[in-house]
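Next come the chains, spelled out residue by residue.
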Amino acid sequence: AQSVTQPDIHITVSEGASLELRCNYSYGATPYLFWYVQSPGQGLQLLLKYFSGDTLVQGIKGFEAEFKRSQSSFNLRKPSVHWSDAAEYFCAVGPPYGNKLVFGAGTILRVKS
Amino acid sequence: GAGVSQSPSNKVTEKGKDVELRCDPISGHTALYWYRQRLGQGLEFLIYFQGNSAPDKSGLPSDRFSAERTGESVSTLTIQRTQQEDSAVYLCASSSGQGGHTEAFFGQGTRLTVV
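Since we're looking at a predicted model, the values are computed, not measured. (Residues numbered from 1 in each chain as written. Chains lettered and ligands numbered in written order. Predicted model: local features only at pLDDT ≥ 70, side-chain atom pairs only at ≥ 80, totals over all residues. Heavy atoms only, no water.)

Draft legend 1. View of the overall build of chain A. Looking only at helices and strands, chain A features 0 helices and 12 strands. Start at the N end of chain A and walk to the C end: the helices and strands fall as β-β-β-β-β-β-β-β-β-β-β-β. Against the compact-globule benchmark of 13 Å for 113 residues, chain A has a radius of gyration of 13 Å, which places it among compact chains. The principal-axis extents of the C-alpha atoms in chain A amount to approximately 40 × 30 × 20 Å. Counting the 113 residues in chain A, one finds 48% classified as buried. Nonlocal contacts in chain A, meaning residues at least 24 apart in sequence, comprise 54% of its contacts between residues at least 6 apart. Carbon together with sulfur atoms contributes 49% to the accessible area of chain A, which is approximately 5,300 Å² in total. The positive charge centre, built from 10 side chains, and the negative charge centre, built from 8, are 5 Å apart in chain A. (Helix = DSSP H or I, 4+ residues; strand = E, 2+ residues; numbered from the N terminus. Rg over C-alpha atoms; globule rule 2.2 N^0.38 Å. Buried < 20%, exposed > 50% of the residue type's maximum accessible area, 1.4 Å probe, protein only. Contact = heavy atoms within 4.5 Å. Areas by Shrake-Rupley, 256 points an atom, 1.4 Å probe, with all protein chains shown as cover. Lys, Arg positive; Asp, Glu negative; His and termini not counted. Charge placed at Lys NZ, Arg CZ, Asp CG, Glu CD.)

Draft legend 2. Region of interest: the confidence of the model for chain B. Within chain B, residue pLDDT values average 91, and 96% of them lie at 70 or more. In the model of chain B, strand β9 (residues 105–106) of chain B stands out as the element of lowest mean pLDDT, 90, in contrast to strand β7 (residues 75–79) of chain B, which has the highest, 98. (pLDDT = per-residue confidence, 0-100.)

Draft legend 3. Representation of the sheet that holds strand β3 (residues 19–24) of chain B. All names here are of chain B. Ordered in space as β1-β3-β7-β6, the 4 strands form an open sheet in which the pairing is antiparallel. Pairing within the sheet leaves two strands with one partner each, and these edge strands are β1 (5–7) and β6 (65–69). Sheet twist, expressed as the mean angle between neighbouring strand axes with direction ignored, is 15°. (Pairing = 2+ DSSP bridges. Axes fitted to C-alpha atoms, helices over the stretch in contact; angles between N-to-C directions.)

Draft legend 4. Molecular detail of the interface of chain A and chain B. Each side of the interface is counted separately: chain A has 22 residues, and chain B has 24 residues. At the boundary of chain A with chain B, total buried surface from both sides reaches about 1,700 Å², with 52% on carbon and sulfur atoms. Taken together, the links from chain A to chain B amount to 0 salt bridges. Summed over the shared surface of chain A and chain B, the number is 3 residue pairs in polar contact (both at pLDDT 80 or more). Contributions of two or more residues to the side of chain A that touches chain B are made by β5 (32–38) and β6 (44–50) of chain A. Sort the elements by how many residues they give to the side of chain A that touches chain B and β5(A) lands first, with 4 residues. (Buried area = accessible area lost by both parts, 1.4 Å probe. Salt bridge = Lys/Arg side-chain N within 4 Å of Asp/Glu carboxyl O. Polar contact = N/O pair within 3.5 Å; in protein donor to acceptor, adjacent residues only side chain to side chain.)

Draft legend 5. How the structure looks around the side chain of A:D85. Residue and element names in this part refer to chain A. Note that D85 resides in the loop between β9 (73–78) and β10 (87–94). With a relative accessible area of 4%, D85 lands in the buried category. Of note is the side chain of D85, whose polar atom sits 2.8 Å from the side chain of K78. Among residues more than four places away in sequence, those in contact with D85 are F63, K78, L109 and V111.

Draft legend 6. How the structure looks around the environment of B:Y33. Considering the arrangement of structural elements, one finds B:Y33 in strand β4 (residues 31–37). There is a polar contact of 2.4 Å between the side chain of B:Y33 and the side chain of B:S95.

Draft legend 7. Looking closely at the side chain of A:D8. Residue and element names in this part refer to chain A. As for its placement among the helices and strands, D8 is situated in the loop between β1 (3–5) and β2 (10–14). At a separation of 2.9 Å, a polar atom in the side chain of D8 contacts the side chain of R22. Setting aside chain neighbours within four positions, we find D8 in contact with R22, G106 and T107.

Next up, the structure:
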């Protein structure tokens, strides 16, 4: 069965520090992988996605993620966090056809000044 | 419209009553999805519409839940005889195609509270 695990429920980082949010997936084939961000009072916004090719993908707001097939991981990173990055982040996996995405439980990011 | 629009944004209902949630997708988007987000949990797939194809209802949790979509326009999610466990944020999303690479755009959701 398809599943996504985000091991960290909450993460707190200092403004300006680097960030890595973990995501592990279980999928029977090469999945499509996504990271979404949900800010308070906002809808989900797509940060980045991986379908094929270069395993390091760049997204919006300075985020990047690396697909590691051997580890079934798709961790999200940012070199320097800004206070406005405080939000909830969701990793998701989907099939090549159709869009029935399977989401992780989310990681709440807190940024301290 | 410019984005996916959902109404109402908040709904409080008494246990046992029926509720109807509305989703206006982005114009021209053929695919539409409903997800449920319970407090502290990830999004749970409910139902998927793609054009005129039969919808994928595999995520609907019980026969109290149903959804309709007319053509490629508005969709309504109906929950009959609401229960307290139905309390959640219901999110709608739309996308321009059926390929997995097409981005799904989400609305801001309807927060349903069953008291």
